[in-house]
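Listed below, chain by chain, are the residues.
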Amino acid sequence: ELQASVFTGPGNEQEIVVSGTVLDPEGKPLIGTSIRVEGTNNGTLTDFDGKFTLSGVKKDAVLIVSYMGYQTQEIAVEGRTEITIAMKEDAQALDEVVVVGYGTQRKSDLTGSVSSVTASDIEKAPAVTINQALQGRAAGVHITSTSAEPGGGSSIRIRGSNSISGSNEPLIVLDGYPLPESGEADGDSYTKQTANPLSFLNPDEIESVEVLKDASATAIYGARGANGVIMITTKGGKIGKTRVTFTSEMTMSSVPDFPALLNGPDFGRIKDEERVSNGNQPRYDGLDGRPHWTDLPTTDWISQILRTGASHRYQLGISGGTKASRYFISANYTKVEGVLKYTDFNRGNIRVNLNNTLSDKVTLRTNINYTRSMSNRSEEGSGIITTPGAIFNAYKANPAAMGGELSETDDENPEFQNPLSLLREQTNETSDENLLINIHAIYDLLPGLKLNLRGGANNKSNRRDIFWPTTTVQGELNNGMAVLSTFQFNDYLVEAFANYNKEFRQHHVDIAGGYSWQQKVARRVNNRVQDFPTDNLGTDGLQLGLLPTVWSTSKVKRELQSYYLRANYNYKRKYFLTLSGRVDGSSVFSENKKYGVFPSAAVAWTVSNENFMKNSFVFSNLKLRTSYGLTGSQAIPPYGSLSQLGVANYIVGGNAVSGVAPSVLGNPDLEWEKTTQVDAGIDMGLFNNRLNITVDAYYKRTDDLLQNYQLSPSAGYTSTMKNIGSLENKGLEVTVSGEIGKKVVWNPNFNISFNRSEILDLGEDGSDIYGPDLARNIVAIPGNVMREGEPYGSFYGYRVTGLIQPSDFDYDGNPSIPLFNNDRGPGHWKFEDVNGDGVVTPDDRVIIGDPNPKFIFGWNNDISYKQFSLNLFFQGSYGNEMINVDRLFIASGRMLNNQLQEWGEKRWTSENQHNDFRWPGGVEQSNMQPNSAIVEDASFIRLKNVSLRYRLQMKPDDFIRNVELYATAHNLLTITNYSGFDPEVGVFGQNNLAPGIDFASYPRARMYQLGVKIGF
Amino acid sequence: CTSLDEEVYSDLSPNNFYVSEADADAAVIAIYNGLNRRPFHDTYFTSLTFMPAPHSASRLPNRRMFANYSFDASNFQIIEPYWSAVYDMINRANTAIDRIPDIDMDETLKKRLIAEAKWLRAYNYFNLVRLFGDVPLYLKETTSLEDVNQPRAPMSEVYAAIIEDLKEADENLPPNRTDDKKGRVTRGTARFLLAKVYLTMAGEPMNDGSGLEEARTLLVSLYENKGAYGYDLLDNYADIFKLDNELNAEIVFAVQQSRAVGGQGTGMAHIWGPLRSPFGGTGQYHGGCTQEFYQSYDSTDVRRDVTWLERYTARGTNQVFVFGSGNGPYGDPRNGMAQAKYQDPEMNFVDGETDIIIYRFSDVILMLAEIENELNGPNATAFDYLNEVRERAHAGTYDQQAAATPEEFRELIYKERFWEFSFEFHEVFDIRRMGKLKEAIETGFETKLFGTSYDPKYELYPIPLSEIQTNPNIAGHQNPGW
């Protein structure tokens, strides 16, 4: 072409002035459309009326007309001076632009594995947090909500878990700002539900979400890329007049069915059976003035503490702009009432996104978000016997507690805590403020070369207020008890990078590279004070308390300094090569191991762009890609390489005297955890891209695992941070999407992900790593283990072979079976003596289950007809098991708490001698141990959302631009064999070592929403 | 660009500590701190020392297993954390002993602080060697991964180290402490412990009586100069344990507890008291003694009802619970009668003020009686010592016919020590050193219920599995039978 223009010469006589109008598919003018003469720098944008004028256009020139979200068109001028161009919506996802680290890429140019979720996907099922919205939407992304409480947390796993001691949460990059790990104020919790790091983000403001999965895509984030990267982009203003969108929505949350517990009479009757068999006197036999069990009252404590919650959401968006200045301003208020009485979540936020063209060369992007949230909580799932959550308390409460409906005492149990009054009386608040400022300046230095400078700050401040007034058991014992903790971090980011983009002779080069520095200082304050003269002030008047028992502060700092580079190259959009890498320096490692290098490479071949495929009837797109690379993790607490001393005071002469003791043995060789990943993928578009299929297979291996390495305790330390061991994840992901029909259009999108994990090596001695104790005192035994050769986080405990029968003992009472702790109660669980030594001891514990699903899937269906659109979204998991700890308490015969009604009917008794270990019986078992009888299949399929929308037909010049009405139901239907409240919980939150544990967790609500969205 | 060097803000660094006199004191105080970190005594040490008594009974499987020997080396609720906590203290002591010499400070005080650290190190090794036999002997601070994984040292070596430490402690510790230093060890504490070490060595499994004469000399010096050491036998047994009478003249060593300082309280009364007991806390009721043992005291013996709680009125109610009456958990005689030595009605859960008494002056007298018997047979002197303790308790005194042979007198001492020191962490040590384990298992309440028969391996606890698995120099060297 270059030669042609030289020989042809300027030829002024052939140039004309072309003017015209660009219209959107509805026939309205499209403002800001780019029109460029092919092969020249001659171009312009359409004005407010969608009109443009271009001079110096050759008669045979071709105009390139492009606008984000519409198909780019090539229009031959053919000598015309007046052209009307109708834009078509870009139905082909292939040419979407996706956000990758430090830049964007055409989706069709990608060499790595990236899944996208767009605003319209998120909008279909309005959710309070983005985690909920993403659940099931992208292949390879496994999101488990760790608490169903309003605003509750979740854990996100991209292609399995890579680390044992470090975090497995992906890096979240919000508008280019890599968010620091979150955290929250320490409460009084045992399980420490980790705060949802994204709860400050209003899903209404999100334009798109990209999930970077393979090493090629994530290596640009080097030391934080091993767990995958989620790129979130918020909405921006578009050129045009001001548009105002207002959404109002109301939600009713209804309680799922809970299996019935024993009523008062049955509870009294069975409790008396226990008394009699223990040789004690019955209490409800109707003799000597004692009541008869049939006369006992019943309180259904579970239904006492649950309610139908009403929630509201108001969202206001204002956007618009000129070529020089675009703006998007959003304000939101959300209030969610929980299905547990007195629990709720309130959030308000304001976001300002600006895009200013300061000069021909300089653009400034500004994102500012401020969020404040406040929730009233009930710490469910903690399993602490003295301060349980309401659900566990309701299990514990005697259904026949004397004094009627809302009794405050139970004469059988002086520790009785009325579950409802605990919810009502106890203060349990979390409040949170999050400010994020992110300013990005872009300088167009040369054609194709952009310099970028980003500065930002993210400040979070979180506060936990817990107060037990004297009207609660805990408060009565302590004469009022207050816990006040704060957590706060200040994170700063400075980045300088360049993007270079060049096309020459079908060679396309795209390079991004630069420098980044990020620092985070986190502070904690913890206070616990007891013995208050009055309940009136609670945590607002700690000074009233006579007995401070805990007070501590901590400050930690971490710093990251990095250099990164990515080069994309392709030839004729057929052959693609990506090389990327990052050099990361992190303060958390030892002095000589601060820096790590994380390279990656990927190639792709778009077969469908080859001539021999051009006319393929079937394949409109066919692309093969593969990548290999190394990423890392630095997600350990700071100071692991340094020896430290801690406080160890003592009382001398009645006064506290200062003591200082060795607390941490530093490891001067501490370094990066490294994950190597291979990915091979294929993208297929069939029948003019009406059917799209993406398949990815991957293998990941993590070495030098960061671990709390167990030292021989005689050294005086039990552990030190060390790099030891490896594990692997391998899997397959398939996404199929399509478009069927013309008038009634059905867009199904199905994704399924398979992941298999294995612990390969845990060091020389290969000793097991155990999870946390299931409950603080009663089940003070772990239920999970990391063991070489086994899947990640396997369940661990005794294998139950049946129930102990009277026939297991001879005439003299000698057992013919091995016993655990000499528990010979008939009807109790019979544990297998695995090592055959004649008794059941902790050595007989084995792997009893697998919390990892065989596969997870999501199936989204958009069906549209005229102004109606219907969305059905199914989501599920298959083959994962759950330890249902509740069964140890409510289906084991432990009459210190209530039992399931079904247990009352099916339990083992001397009249009903069976061997079904699901329903043991007899007098209270002594072996409240994790065992195979409480491991259940937790596979499920859930109709997660059903949403029906109706868009009112408006005239283009109406004041009200559009009105949309919608009704949505969440969690409408769940098919599962799991016997608990919900197959989708994990009460240990993000604790890597304890996946798949359900213990009196917050009940998941079924929700019905009605909403209206009005645009002006 | 930035250096990425780390600065620690909320913890101290060994590189800039251990420079002043105050630092030296803090290093020693830290060792004591190891003794009052919950649940060292109320959970670990009670399980290991009290539960093996033939008269213990418990409501809880986790406690019972230490009475009926159904635990094993993998026990990570008691054996492992106890072992770790003791070695943590030993490392603290080693740190103090290694670091203090280089500090520029008053030389007398320096020696005194090192002596204090050595006493605490000896006390911990003394417990370890009696509970576990041969144990790793660390006498230097662990500063890097190269220092770990010591092999087991023979018991004789451990005892030699203990004796050396205690002799130095005897030399350099002050005979008395001013009020503001009360609770820290003194020369008397050192002599007491050294005598106890010698007496223990004379019994099973060392059978080395070579130190008995020296033990007697040490104890006589304490007995005859008790005023100088600040010791005495209180007139009233109950006064020893009163919350408003802590650090009384009877106390030789007690771990100090205070609710007013975070994490420095004990859970004793809460954990071992029955539900809503008058002793404070909620009352977890972990167990206590058998009905039979309660009845074994002389009817006039005041120690019985100071030590055990036969009946109580539940706090905040009018309900009276009587042990063994059949009513409620406390009515079931199988569960054990709760102890009564630890009482702090003001405590909430585990923040009790009651000091944990480890050694008392009446032990000086009973050890003298025992040593006299071992050296010279059951003579009048031996009986005088024994009767002095019984008289104070208002129990009937023995005449010389009560024991004609050293064996018979030993029997009297064995029983006396249960009555005098029940629930004071002596039971397992006395049973083992006096060769009574087989008898204790054959007659024990929990062992009989469970059907445990004696096995020589029960003479020692197993080395915890975590140590075996992490220390290649110990792997394969578990105590025999475990």
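Overview of the overall build of chain A
Argument step 1. Per the secondary structure count, chain A includes twelve helices and 53 strands.
Argument step 2. A compact globule built from 1016 residues would reach a C-alpha radius of gyration of about 31 Å, and chain A, at 32 Å, matches this within 12%.
Argument step 3. C-alpha extents for chain A along the principal axes are approximately 120 × 65 × 60 Å.
Argument step 4. Evaluated residue by residue, chain A yields a buried proportion of 57% over its 1016 residues.
Argument step 5. Looking at chain A alone, contacts between residues at least 24 apart form 69% of all its contacts between residues at least 6 apart.

A closer look at the side chain of Ser-362 of chain B
All names here are of chain B.
Argument step 1. With respect to the helices, strands and loops of the structure, Ser-362 is situated in helix H13 (residues 361-376).
Argument step 2. Taking the relative accessible area as the measure of exposure, Ser-362 reaches 0% and is therefore buried.
Argument step 3. In this structure the side chain of Ser-362 is engaged in a polar contact, spanning 3.1 Å, whose partner is the side chain of Arg-360.
Argument step 4. A polar contact of 2.8 Å, which involves the side chain of Ser-362, links it to the side chain of Glu-420.
Argument step 5. If we ignore the near neighbours within four places in the chain, the residues touching Ser-362 are Leu-233, Glu-250, Val-389, Arg-392, Glu-420 and Phe-421.

Structural notes on the sheet that holds strand S3 (residues 43-45) of chain A
Residue and element names in this part refer to chain A.
Argument step 1. In spatial order, the strands read S3-S2-S5-S6; together these four strands make up an open sheet with antiparallel pairing. Both edges of this open sheet fall to S3 and strand S6 (73-76), since each of them pairs with a single strand only. The average angle at which neighbouring strand axes cross in this sheet is 20°, direction not considered.
Argument step 2. In this sheet, S3 lies alongside strand S2 (residues 34-37) in antiparallel orientation, the contact comprising three bridges. When the sheet's bridge partners are listed, Ile-35 is paired in S3 with Thr-44.

Description of unusual backbone geometry
Argument step 1. The peptide bond linking Arg-38 of chain B to Pro-39 of chain B adopts the cis configuration, its omega dihedral lying at -10°.
Argument step 2. Structurally, Pro-39 of chain B is set in the loop between helix H1 (21-35) and helix H2 (40-49).
Argument step 3. Here the bond from Glu-204 of chain B into Pro-205 of chain B is cis, since omega is -5°, no more than 30 degrees from zero.
Argument step 4. Relative to the helices and strands, Pro-205 of chain B resides in the loop between helix H7 (187-202) and helix H8 (212-224).
Argument step 5. Although it is not a glycine, Asp-175 of chain A adopts a positive phi angle of roughly 50°.
Argument step 6. Inspection of the secondary structure assignment puts Asp-175 of chain A in the loop between strand S13 (171-174) and strand S14 (177-178).
Argument step 7. You will see that Asp-288 of chain A, though not glycine, has its phi angle at about 50°, which is positive.
Argument step 8. As for its placement among the helices and strands, Asp-288 of chain A is situated in the loop between helix H5 (264-277) and helix H6 (301-305).

A closer look at the sheet that holds strand S49 (residues 935-937) of chain A
All names here are of chain A.
Argument step 1. Pairing is mixed in the open sheet, where three strands are placed in the order S49-S48-S52. In this open sheet, the two edge strands, each paired with only one partner strand, are S49 and strand S52 (997-998).
Argument step 2. Alignment of strand S48 (residues 881-884) against S52, held across two bridges, turns out to be parallel. Within S52, the position partnered with Asn-884 by the bridge is Asp-998.

Some thoughts on empty space enclosed by the protein
Residues and elements named next belong to chain A.
Argument step 1. Under the defined criterion, the tally for this structure stands at 16 cavities of 30 Å³ or more.
Argument step 2. Empty space within the second largest cavity amounts to approximately 610 Å³.
Argument step 3. Forming the walls of the second largest cavity are 47 residues, and the residues nearest its centre are Val-128, Gln-132, Ala-148, Asn-971 and Met-1007.
Argument step 4. Classifying every residue of the lining of the second largest cavity gives 16 nonpolar, 21 polar and ten charged.

Here we look at the pattern of salt bridges
Pairing is possible between side chains that carry opposite charge, provided their charged atoms lie close to one another.
Residues and elements named next belong to chain B.
Argument step 1. Applying the stated criterion across every chain, the model contains 89 salt bridges over all chains.
Argument step 2. For Glu-116, the salt bridge is made with Arg-184, and the minimal N-O distance between the two is 2.7 Å. Residue Glu-116 is located in helix H5 (residues 107-132), and its partner Arg-184 is located in the loop between helix H6 (155-172) and H7; the two are separated by 68 residues in the primary sequence.
Argument step 3. Note on Glu-116: relative accessible area 1%, which makes it buried.
Argument step 4. On the basis of relative accessibility, which here comes to 6%, the residue Arg-184 falls in the buried class.

Side note on the packing of H7 of chain B against H8 of chain B
Residues and elements named next belong to chain B.
Argument step 1. Where H7 meets H8, the axes come as close as 8 Å, and the angle between the chain directions of the two elements is 150°. When the axes of H7 and H8 are compared, the pair comes out roughly antiparallel. Classified by chirality, the crossing of H8 by H7 is left-handed. Listed contacts from H8 to Gly-188, Arg-191, Phe-192, Leu-194, Ala-195, Tyr-198, Leu-199 and Ala-202 of H7 are Leu-212, Glu-214, Ala-215, Leu-218, Leu-219, Ser-221 and Leu-222.
Argument step 2. Residue classes in the contact of H7 with H8 are distributed as eleven nonpolar, two polar and two charged.

With respect to the domain arrangement of chain B
Residues and elements named next belong to chain B.
Argument step 1. Taken domain by domain, chain B consists of domain 1 (16-147 + 423-454) and domain 2 (268-354).
Argument step 2. Summarising the inter-unit geometry, the C-alpha centres of domain 1 and domain 2 are found 26 Å apart.
Argument step 3. If you look at the interface, domain 1 gives 21 residues, while domain 2 gives 20 residues.
Argument step 4. For the pair domain 1 and domain 2, the two sides together bury roughly 1800 Å², of which 63% comes from carbon and sulfur.
Argument step 5. Inspection of the region where domain 1 meets domain 2 yields two salt bridges.

About the thresholds
Residues numbered from 1 in each chain as written. Chains lettered and ligands numbered in written order. Predicted model: local features only at pLDDT ≥ 70, side-chain atom pairs only at ≥ 80, totals over all residues. Heavy atoms only, no water. Helix = DSSP H or I, 4+ residues; strand = E, 2+ residues; numbered from the N terminus. Rg over C-alpha atoms; globule rule 2.2 N^0.38 Å. Buried < 20%, exposed > 50% of the residue type's maximum accessible area, 1.4 Å probe, protein only. Contact = heavy atoms within 4.5 Å. Polar contact = N/O pair within 3.5 Å; in protein donor to acceptor, adjacent residues only side chain to side chain. Pairing = 2+ DSSP bridges. Axes fitted to C-alpha atoms, helices over the stretch in contact; angles between N-to-C directions. 1 Å grid on protein atoms, 1.4 Å probe; cavity = no way out; pocket = protein on both sides within 12 Å on 5 of 7 lines; lining within 4 Å. Points joined across faces, edges and corners; volume = space filled by probe spheres on them. Nonpolar A, V, L, I, M, F, W, Y, C, P; charged D, E, K, R; others polar. Salt bridge = Lys/Arg side-chain N within 4 Å of Asp/Glu carboxyl O. Parallel < 35°, antiparallel > 145°, perpendicular 65-115°, else oblique. Left-handed = near helix turned anticlockwise from the far one by under 90°. Domains from an automatic or database assignment. Buried area = accessible area lost by both parts, 1.4 Å probe.

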